[in-house]
Every structure is written in structure tokens, then in C-alpha cells.
Amino acid sequence: KCSLSHGEIEYCYECRQYPCERYQHIDEYDSFITHRRQKADLEKAQSIGIEQYNVEQQEKIKILSRLLSNYNDGRRKKFFCVAVNLLELSELQEVIKQLQSDKELLSFPIKEQSLYVVEKLQNIADKRNVKLKLIKKK
């Protein structure tokens, strides 16, 4: 509805009024997904172009799928979703590369594999001061 009332724009960053009041407090809390990257993602799409941005998002989807299929012990879905959303693609690719090279990891029970992956992702987040938890509305 918003895009129709502003000249049928496709992405918010194309609007003359962006960033508008909708974005003033968007990253203060999350819903069932994190909102903390919305502004940064719009800026990235604007700077690199929507096609390249979508390519990167497709790669992140593949990484998330791999994490959920191979390293989810039944308790990590939200964590993996938040991590893939908030961490940079290059950081996620590096973790996947490390997992692929660690052949011994496959011999561990799924719970230990899951904790190993969580630790890798958490270490990256800690270095960047990124909290891999949803922010609940107060």
C-alpha cells in the first residue's frame, strides 16, 4: 500500500521520503525475525544494485539451509536464522569452509556438531559486538 501511494516504487530506498517515520525505530525490537539489518540491507541493495543484493541473499539462504539440515540439533533454528541474517556473507562462507575442512566433526554426535557451529558463529558475532538473539519489545 505504501509503495502505491508514493508512485508505485518497488523498494523503499527509491522513495523521495526514505527514510520515513516507519524506519525511525524499526531496529529497536524484533518480531519473529530480526529487524536490525533492515536499514543496512536497503542501503546495501541501493549501493550494489538489487540483482547483486538478491544473489547474496540467495547464497545466505543456501547457507541457512545447510546449517539447518546438517547441524540443527532441534534447538538451533532461531539461532541459525538470526546468525545468517546478522552476519556478513563472507563470514558465513568462512564458517562453512571451516566445517567442510573439519572431517573429524562428522564423527561427533549431532549435539556436539551443533554446539561447535554455534561457537564458531558466536565467536564472529562477539568480535563484531553483534547479539545473536531477538530483541523483544518492552
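Below, the discussion takes up the packing of aromatic side chains. Counted under the stated rule, the structure contains 1 aromatic pair. Here Phe79 and Phe80 contribute two aromatic rings whose centre-to-centre distance is 6.1 Å and whose plane-to-plane angle is 65°, an arrangement assigned as edge-to-face. Its relative accessible area of 0% is what places Phe80 among the buried residues.

Our focus in this paragraph is the pattern of salt bridges. When charged atoms on two side chains of opposite charge get close, those side chains can pair. In total, this model carries 7 salt bridges according to the counting rule given. A salt bridge links Arg37 to Asp41; its shortest N-O distance comes to 3.2 Å. When salt bridges that share partners are traced, they join Arg37, Asp41, Lys44, Glu56, Glu88, Glu91 and Arg128 into one network.

Keep in mind that most residues, glycine aside, have a negative phi and that most peptide bonds are trans. The phi dihedral of Asn129 falls on the positive side, at around 60°, and the residue is not glycine. One can find Asn129 in the segment after helix 6 (110–128).

Mapped onto the secondary structure, Ala83 falls in helix 4 (residues 77–86). Residue Ala83 is classed as buried on the basis of its relative accessible area, which comes to 0%. Distance from Ala83 to Leu121, taken between C-alpha atoms, is 6.9 Å for residues 38 residues apart in sequence. Aside from chain neighbours lying at most four places away, what touches Ala83 is Leu92, Leu121 and Leu132.

It is the contact of helix 3 (residues 50–71) with helix 6, at a shortest axis distance of 9 Å, that shows an interaxial angle of 150°. Where helix 3 abuts helix 6, its residues Leu67, Asn70 and Tyr71 lie against Ile110, Gln113, Ser114, Val117 and Leu121.

Moving on to the environment of Asp73. By the element assignment, Asp73 lies in the loop between helix 3 and helix 4. Taking the C-alpha atoms as reference, Asp73 lies 8.7 Å from Leu115; in sequence the two are 42 residues apart. If we skip the residues at most four places from it in the chain, Asp73 touches Ile110, Lys111 and Ser114. Within the structure, Asp73 has its side chain in polar contact with the backbone nitrogen of Arg75 (distance 3.0 Å).

Before going further, it helps to examine the side chain of Gln113. With respect to the helices and strands, the residue Gln113 is situated in helix 6. Residue Gln113 is classed as buried on the basis of its relative accessible area, which comes to 8%.

Turning to the side chain of Arg76, a few remarks are in order. Within the secondary structure layout, Arg76 lies in the loop between helix 3 and helix 4. Residue class for Arg76 comes out buried when judged on its relative accessible area of 18%. The residues contacting Arg76, other than those within four sequence positions of it, are Ser114, Leu115 and Val118.

What follows is about helix 2 (residues 38–48). Count 3.6 residues to each turn of an α-helix, and residues three or four apart come out pointing the same way. Asp41, Leu42 and Ala45 are the residues of helix 2 that are buried. Seen along its axis, helix 2 keeps its buried residues to an arc of 100°; they face one direction. On its buried face, helix 2 sits against helix 3. Backbone geometry just after helix 2 places Gly49 at a positive phi near 95°.

Conventions we followed
- Each residue is numbered by its place in its chain's sequence as written, counting from 1.
- Local features in this predicted model are restricted to residues whose pLDDT is 70 or higher, and side-chain atom pairs enter the listing and the counts only when it is 80 or higher, whereas totals over whole chains, interfaces and linings include all residues.
- Think of the side-chain values as coming from all heavy atoms in the structure, minus any hydrogens and water.
- Pairing of aromatic rings covers Phe, Tyr and Trp, the last counted by its six-membered ring, and requires centre-to-centre distances within 6.5 Å; plane angles under 30 degrees mean stacked, over 60 mean edge-to-face, and any other angle means tilted.
- Type-normalised accessible area, obtained with a 1.4 Å probe on protein chains alone, sets the label of each residue: buried when under 20%, exposed when over 50%, and partly exposed for intermediate values.
- The rule for a salt bridge is simple: a side-chain nitrogen of Lys or Arg has to be within 4 Å of a carboxyl oxygen of Asp or Glu.
- Segments assigned H or I by DSSP are reported as helices when at least four residues long, segments assigned E as strands when at least two residues long, and all are numbered from the N terminus.
- Every residue pair with non-hydrogen atoms within 4.5 Å of one another is taken to be in contact.
- Here an axis means a line fitted to C-alpha atoms, over the contact stretch when the element is a helix, while the angle between two N-to-C directions is reported on a 0 to 180 degree scale.
- What qualifies as a polar contact is a pair of N or O atoms within 3.5 Å, subject to a donor-acceptor requirement within protein and to the restriction that residues adjacent in sequence count only when both atoms come from side chains.
- Here, the arc refers to the directions that run from the helix axis to the C-beta atoms.

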